[in-house]
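Examining the three-dimensional arrangement
Listed here are the chains, written in short residue letters.
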Amino acid sequence: HTPKTDRSNIKPKGQMHKQTQHVKSSKGVSILQDPGIPVLGKLTRQGLVELIASSVVYKEYPLIGINKPAGLSITGRDLCLISLLPDLQQQLQLSEMLHVVKASHRDHSGLVLLSTCHQTTQHIENAFIQARRKKEVITSYCAVTVGVPEPEAGEINIALKQQSIGEHKMVVPVFHPTAGSFRRKEAKKAITRYKVLDAANGCALVQLQPLATVESMLEVHLTLKLCAVLGDHVYSGCLGKVLDVPFRLPVESVIPRTQVLDVTLLQKLHMDQNHMWKIPIHLHLQRLTIPPFGTKKSETVVTAAPLPYFTRNLELLGLTKNEFVEESTKK
């Protein structure tokens, strides 16, 4: 059995990072110093529960939306979100037990939708299934990319599959899938809509709307546009450069490694390459659109603003926060 790629195994553990910088021309500070990045592994159980409780962005019975920090897994670990739900219920003074309806991936920051009513959850899940069949957008992400996708808006429709590369199980593109490969589940259909919201200094703020649920789809699809998400220490290694022109490396040669940035970009971020492993992936589940369900006649939109380190890096890169990123209340 080949283990799935785990970003947490790539980056060493550390404390809240207050590091000195070694890029000589930098007078400012990086996000490691201001606003800082909480390292979840250093928090106590109660500290983590309090952090989650303070991140509530939506509350309308029986639903609760929280703005999850990057690195918090939903299942499978000692301090995963599901294991913390009884404590969170108590912290929020709820009379009924919480469960997860929809969540951002462990490595991503952003929305997690919780519920205290299984019947409502079933209605919502059925509405999601219908929306996917109609290719309606359910989730919208914002990402900071190294490289600017071209054209500035479009749809990436490239199938994906898992492939063992060395000790890692990676998600790779399938450019010419057959009907049989889909039937045998050797490949999965994968579609991402994207739009460049702003671009500066060879980087971009990009809106991403997945129309399928495939692990690592957004990260891999962006590499097909010769871009990588800032802080992606798994798939950024897919890209190389010759004379400043990016190209995609052969699939079999790619393994997870700390993202490598140009010196000029490091200077703008006030970063040292030796500290890049501490930078979380800048991929944030910003908006969740819940189709009409049960007795509701209209859709419900829940939003969560990007976390402080995300918006700080936007400023450092000269990227404008537009209304897509700034909206943080439900419609």
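Residues numbered from 1 in each chain as written. Predicted model: local features only at pLDDT ≥ 70, side-chain atom pairs only at ≥ 80, totals over all residues. Heavy atoms only, no water.

Some remarks on helix H8 (residues 308-317)
This is how the line gets drawn: Buried residues are those whose accessible area, probed at 1.4 Å on protein chains only, stays under 20% of the maximum for their type, while exposed residues exceed 50% and partly exposed ones sit between those limits. The helix count covers DSSP runs of H or I at least four residues long, the strand count covers runs of E at least two residues long, and both are numbered beginning at the N terminus. Whether two residues touch is decided by their heavy atoms; if any such pair falls within 4.5 Å, the residues are in contact.
Among the ten residues of H8, seven are classified as buried, and the element is accordingly described as predominantly covered. Here the buried face of H8 lies against strand E4 (109-115), strand E5 (139-146), strand E9 (191-200), strand E10 (203-210), helix H7 (263-268) and strand E14 (283-290). Following H8 by one or two positions, Gly-318 has its phi on the positive side, about 75°.

Topic: the pattern of salt bridges
The following threshold applies: Salt bridges are defined as contacts in which a side-chain nitrogen from Lys or Arg sits within 4 Å of a carboxyl oxygen from Asp or Glu.
Evaluation of the coordinates by the stated rule reveals six salt bridges. With a closest N to O distance of 3.0 Å, Arg-45 and Asp-87 form a salt bridge. Linking Arg-45 in helix H2 (residues 45-53) with Asp-87 in helix H3 (residues 81-91), this pair joins segments that are 42 residues apart in sequence. Take Arg-45: its relative accessible area is 34%, and that puts it in the partly exposed class. On the basis of relative accessibility, which here comes to 21%, the residue Asp-87 falls in the partly exposed class. Close ionic contact of Glu-315 with Arg-312 constitutes a salt bridge, the shortest N to O distance being 3.7 Å. In this pair, Glu-315 and Arg-312 both sit in helix H8, three residues apart, roughly one turn of the helix. Looking at Glu-315, the relative accessible area reads 48%, which means it is partly exposed.

Let's talk about unusual backbone geometry
Of note, the bond from Asp-34 into Pro-35 is cis; its omega dihedral lies within 30 degrees of zero at 15°. Take Pro-35: it is sitting in the loop between helix H1 (7-10) and H2. Despite not being glycine, Lys-185 has its phi angle at roughly 60°, a positive value. Within the secondary structure, Lys-185 is located in the loop between helix H5 (179-183) and E9. Since its relative accessible area comes to 70%, Lys-185 is described here as exposed. Even without glycine at this site, Leu-226 takes up a positive phi of about 60°.

Everything listed is a geometric property; what it means functionally is a separate question.
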